[in-house]
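Summary of structural features
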Amino acid sequence: MSSRIRVGPARVPTRDSPEEAIALVVERGYTACEIDFESGFWMDYPFAERFGELARASDVALSVHAPLFGFMGHVEPSGRKFTSAVGALDRSAGIAAASGAEPVVFHPGFLLGRSREDAIDAVVEQLGTLRERLEKKGRAVPFGVEVMGRVRDLGSVDDVMEISRRTGWVRPVLDFAHMHATSDGAFLEEKSFVDALAAADAVLDAWAPFHVHFSDIAFANRNETKHLPYGEGTLRAEPLRDALARFERPATVISESPDEGSSQAIRAVLELRGTSSDNRAT
């Protein structure tokens, strides 16, 4: 494998102290960690600064997941929900800047009765406004827009690629569990993973790593239902590992598994050297 795959959990393993948190990350063999704000902010700026300092010293790559309500593309870009979303993304970017984390992962929002094109236009326009705000505060960190797990919502692979292409500072975040769900379980072979990674590779800056979310997944009617312990569903890490080996670009894979044993099983597969893929994508 010519490029490095970092693997880490979707949650900081303890909130007691930065020292204890990084010690657990390293002890468990991880080289990445996503700071979990999906349900709200729990980390202050001094914690973030120290956490980032220790992560750099231990060669652990950090990223941030913004609160779930922190999405763009609101129908009314001046209402309370929009103001709250901007505030959440602003604070997420502040924590990211303080800790050296990137990207700030966020959800693309919803169609809300609009065409897909109109919804994407609104997301891109509101992201532009957000970016101006962040630049003034010195918080203009890279963001990452996540592929979603409901087939009729905004957030398909194509949606995410278009938002990334039109903004330049927003990266695609490939959530293969979500993609497995919305494709009715199609991510079984290496080619499906290669095709998705190639789409992301085409819009990413040359120096930016792939940012991937991964877990086993349950789904119905092409919609995700819940993350599963690894092995209980049909999504496997071997084809992801082999697909990543075809690219020179490094990757960070965040396990969204519901238990530590599953995350360790995924890490073991992804870190196994000597894959069957000999050719590299260009």
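Residues numbered from 1 in each chain as written. Predicted model: local features only at pLDDT ≥ 70, side-chain atom pairs only at ≥ 80, totals over all residues. Heavy atoms only, no water.

Examining helix 2 (residues 45-57)
With 13 residues, helix 2 should reach 18 Å at 1.5 Å per residue; the first-to-last C-alpha distance of 18 Å fits that figure. Its buried side turned inward, helix 2 meets helix 1 (18-27), strand 2 (32-36), strand 3 (61-65) and helix 3 (80-99). Taking the backbone nitrogen of phenylalanine 47 as reference, a side-chain oxygen 2.9 Å away marks aspartate 44 as the first, capping residue of helix 2. Once helix 2 ends, the next one or two residues include aspartate 59, with phi positive near 60 degrees. (Helix = DSSP H or I, 4+ residues; strand = E, 2+ residues; numbered from the N terminus. Expected span 1.5 Å × (residues − 1). Contact = heavy atoms within 4.5 Å. Polar contact = N/O pair within 3.5 Å; in protein donor to acceptor, adjacent residues only side chain to side chain.)

What about the environment of threonine 14?
Mapped onto the secondary structure, threonine 14 falls in the loop between strand 1 (5-9) and helix 1. Considered as a pair, threonine 14 and valine 25 are eleven residues apart in the sequence and their alpha carbons are 9.4 Å apart. Setting aside its immediate chain neighbours within four residues, threonine 14 contacts Glu20, Ala21 and Leu24. For threonine 14, the side chain forms a polar contact with the main-chain nitrogen of aspartate 16, separated by 3.2 Å.

Considerations on unusual backbone geometry
What is expected of a backbone is that most residues other than glycine have negative phi and most peptide bonds are trans. In this structure, the amide linkage connecting glutamate 102 to the following residue, proline 103, adopts the cis form with an omega of 0 degrees. Within the element layout of this structure, proline 103 appears in the loop between helix 3 and strand 4 (104-106). Here aspartate 184, not a glycine, exhibits a phi torsion of approximately 60 degrees, which is positive. One can find aspartate 184 in the loop between helix 6 (176-182) and helix 7 (190-203). Phi at asparagine 221 takes a positive value of approximately 55 degrees, unusual for a residue other than glycine.

Some words on the pattern of salt bridges
With the rule as written, the count across this model stands at 20 salt bridges. Of the charged contacts in the structure, one is a salt bridge between arginine 50 and glutamate 19, with a shortest N-O distance of 2.9 Å. Of this pair, arginine 50 sits in helix 2 while glutamate 19 is found in helix 1, placing the two residues 31 residues apart along the sequence. The class of arginine 50 is partly exposed, set by a relative accessible area of 30%. A relative accessible area of 39% means that glutamate 19 is categorised as partly exposed. Measuring nitrogen to oxygen at the nearest pair gives 3.9 Å for the salt bridge that ties glutamate 162 to arginine 166. A residue pair is termed a helical-turn pair when its members lie 3 or 4 positions apart in one helix, as glutamate 162 and arginine 166 do in helix 5 (residues 157-167) at four residues. Under the relative-accessibility criterion, arginine 166 is labelled partly exposed at 35%. Among the charged side chains, a network of salt bridges with common partners joins Asp90, Arg133, Lys137 and Arg139. (Salt bridge = Lys/Arg side-chain N within 4 Å of Asp/Glu carboxyl O. Buried < 20%, exposed > 50% of the residue type's maximum accessible area, 1.4 Å probe, protein only.)

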